[in-house]
Amino acid sequence: MAAMNPEETTGPILGEESELTLGELCRACGTSAEEVTALVEEGIIEPLGSGTRWRFSGVCIRRVRKVYSLRRDLGVNLAGAALAIELLDEIERLQARLARLERP
Amino acid sequence: MEYKDYYQILGLERGADQAEIKRAYRKLARKYHPDVSKEEEAEERFKEISEAYEVLKDPEKRAAYDQLGAGYQPGEEFRPPPGWDSGFEFHGGGYTEADPGAFSDFFESLFGRAGGFGNAYGRGFGGARRQPFHAQGENTYAKINIDLEDSYRGGTRQITLKHTVLGADGRPRIEARKLNVKIPKGITEGQQIRLAGQGEPGIGGGQPGDLYLEIHFNPHRHYSVEGKTVYLNLPLSPWEAALGASVQVPTPDGPVNLKIPPNSKDGGKLRLKGRGIPAKVPGDLYVVLNVVAPPAETEAHREAYRRFSEAFDFNPRVDMGG
């Protein structure tokens, strides 16, 4: 076994351009449709377009997972997790900008 | 196996009450939570904190731990005495809050294995997804650091996966497996790739779960990245900026010749359209000009600066009224 070359694999990018159905998003995050609905109602994730069937961008997976672990580990409620995620996004943007501006 | 001092990990005295324990845990959890923290080793620290809280928040486990542990030093070699837990019963439902897959050998030798197959059912929001026998394996999530160049050219990174598998003796154990992951071209910071079937194995013939790999870039000597946009700082001499020049600049795609227009200003940006991250809609690369004046080190240099000042009627502090 040890001498075997590791298997090579790859997969699709789940970015802004990829679209997931409600079912696919639930499966990807290990969560229920009710939970996803609650996140949509809280404005944490937004369905794409205006069709009657929800489609989600691939970046939603990361947000849903983050909300899940923030709630589980820090005891915040949905509104608190929503606020934390927005602030974390902002910090990420500012840090990327800071890294650029601080270059010699 | 090393003895773990759960009180010390949470910064508590042994006599701490339940409210103090919760407060200490919440404070540390906010500080070291891997989704929030920028501290070094946040993930490791967070696991330790969660494990300590898992034991101390539960009066039953805490009493058992207290009875056992007063004589040990942290890190000391530890063996649980035979029959140490008689009189205690650890209810299986007690592992719901933390991610029990992450607990230490020390924890498992005392309180049993909380992760593994039992865990494959109860996770997800609320932990209420109980399904009998034919279950898809859990999805797993991990982060990986790559170089910016990997996103331009595609590259391969080796990762090690740890899976819980059922051993020949019927007990779950951890198995490590190496995997070469081809990085798809055009990926940006924070995006994930889905590796189908590389999550936890299924149960009772169920499909394995998927692995979601979140991508992060290693810091780069020349470039900084915001989304699909890449920035490069380009130092220029004052005469190149003033007179214009043609200079060779590096890009992650390879060097290009760039025309600097006359009278370029410090901090000015030149856009190389489509030379950012090659996503479906490629990003742009911005060259940020950084005009650097040479130090005057010889008499000839000083003379050049003097002639420079005579040639200009230039006051950089005109806004300050100076």
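Up top is the structure these notes are about.
Everything numeric in this text was worked out from a predicted model, so none of it was measured.

Basis of the calculations
- Every residue gets a number counted from 1 within its own chain, in the order that chain's sequence is written.
- Labels are handed out in written order, letters beginning with A for the chains and numbers beginning with 1 for the ligands.
- Thresholds applied to this predicted model are a pLDDT of at least 70 for local features of residues and 80 or more for the giving and counting of side-chain atom pairs; totals over whole chains, interfaces and linings are not thresholded and use all residues.
- Excluded from the side-chain calculations are hydrogens and water; all other atoms, namely the structure's heavy atoms, are used.
- Should any heavy atoms of two residues lie within 4.5 Å, those residues are considered in contact.
- Buried area is a sum: the accessible area each of two parts loses on coming together, probed at 1.4 Å, counted once for each and added.
- Think of a salt bridge as a Lys or Arg side-chain nitrogen and an Asp or Glu carboxyl oxygen that are within 4 Å of each other.
- Secondary structure elements are taken from DSSP: a helix is a run of H or I of four residues or more, a strand is a run of E of two residues or more, and numbering for both begins at the N terminus.
- To sort residues, take the accessible area from a 1.4 Å probe on protein chains only and compare it with the maximum for the residue type: under 20% means buried, over 50% means exposed, and anything in between is partly exposed.
- Any cysteine sulfur atom paired with another within 2.5 Å is treated as part of a disulfide.
- Two strands are counted as paired when DSSP detects at least two bridges linking them.
- Fitting a line to C-alpha atoms yields each axis, with helices limited to the stretch in contact; the angle taken between N-to-C directions then spans 0 to 180 degrees.

Caption draft 1: Region of interest: the interface of chain B and chain A. Taken together, the contact pairs 55 residues of chain B with 38 residues of chain A. Both faces considered, chain B and chain A share a buried interface measuring about 4,000 Å² in area, 52% of it formed by carbon and sulfur atoms. Counting every contact that joins chain B to chain A gives two salt bridges. When the shortest N-O distance is used, the salt bridge between Arg 100 of chain A and Glu 226 of chain B registers 2.8 Å. At the level of secondary structure, the elements contributing two or more residues to the side of chain B that touches chain A comprise α2 (18–32), β2 (155–166), β3 (172–183), β4 (192–195), β5 (211–217), β6 (223–226) and β7 (229–236) of chain B. Among the elements that make up the side of chain B that touches chain A, the one with the highest residue count is β3 of chain B (six residues).

Caption draft 2: Quick peek at the pattern of salt bridges. Inspection of every chain in the model, using the stated rule, returns 19 salt bridges over all chains. Notably, a salt bridge pairs Arg 63 of chain A with Asp 89 of chain A, separated by 2.6 Å at the nearest N-O pair. Note that Arg 63 of chain A is positioned in helix α3 (residues 60–74) and Asp 89 of chain A in helix α4 (residues 78–101), a separation of 26 residues in sequence. The partly exposed category is assigned to Arg 63 of chain A, whose relative accessible area is 22%. Looking at Asp 89 of chain A, the relative accessible area reads 22%, which means it is partly exposed. Where Arg 62 of chain B meets Asp 66 of chain B, a salt bridge forms, and the shortest distance between an N and an O atom there is 3.9 Å. Separated by four residues within a single helix, Arg 62 of chain B and Asp 66 of chain B lie in helix α4 (residues 59–69), roughly one turn from each other. On the basis of relative accessibility, which here comes to 29%, the residue Asp 66 of chain B falls in the partly exposed class.

Caption draft 3: Summary view of the state of the cysteines. Residues and elements named next belong to chain A. Inspection of every chain in the model, using the stated rule, returns zero disulfides over all chains. You can see Cys 26 has no disulfide; the closest cysteine sulfur is in Cys 29, sitting 7.5 Å from it. Judged by its relative accessible area of 2%, Cys 29 is buried.

Caption draft 4: Here's a closer look at the sheet that holds strand β11 (residues 285–291) of chain B. One open sheet holds the four strands; their spatial order is β6-β7-β11-β10 (chain B), and the pairing between them is mixed. Each of the sheet's edge strands pairs with one partner strand only, and the pair in question is β6 and β10 (269–272) of chain B. Averaged over all neighbouring strand pairs, the angle between strand axes comes to 25°, with direction disregarded. Inspection of the sheet shows β6 of chain B paired to β7 of chain B by four bridges, in the antiparallel sense. Within β7 of chain B, the position partnered with Glu 226 of chain B by the bridge is Thr 229 of chain B. Together, β6, β7 and β10 of chain B form the strand contacts of α4 of chain A, whose direction differs from that of β6 of chain B by roughly 155°.

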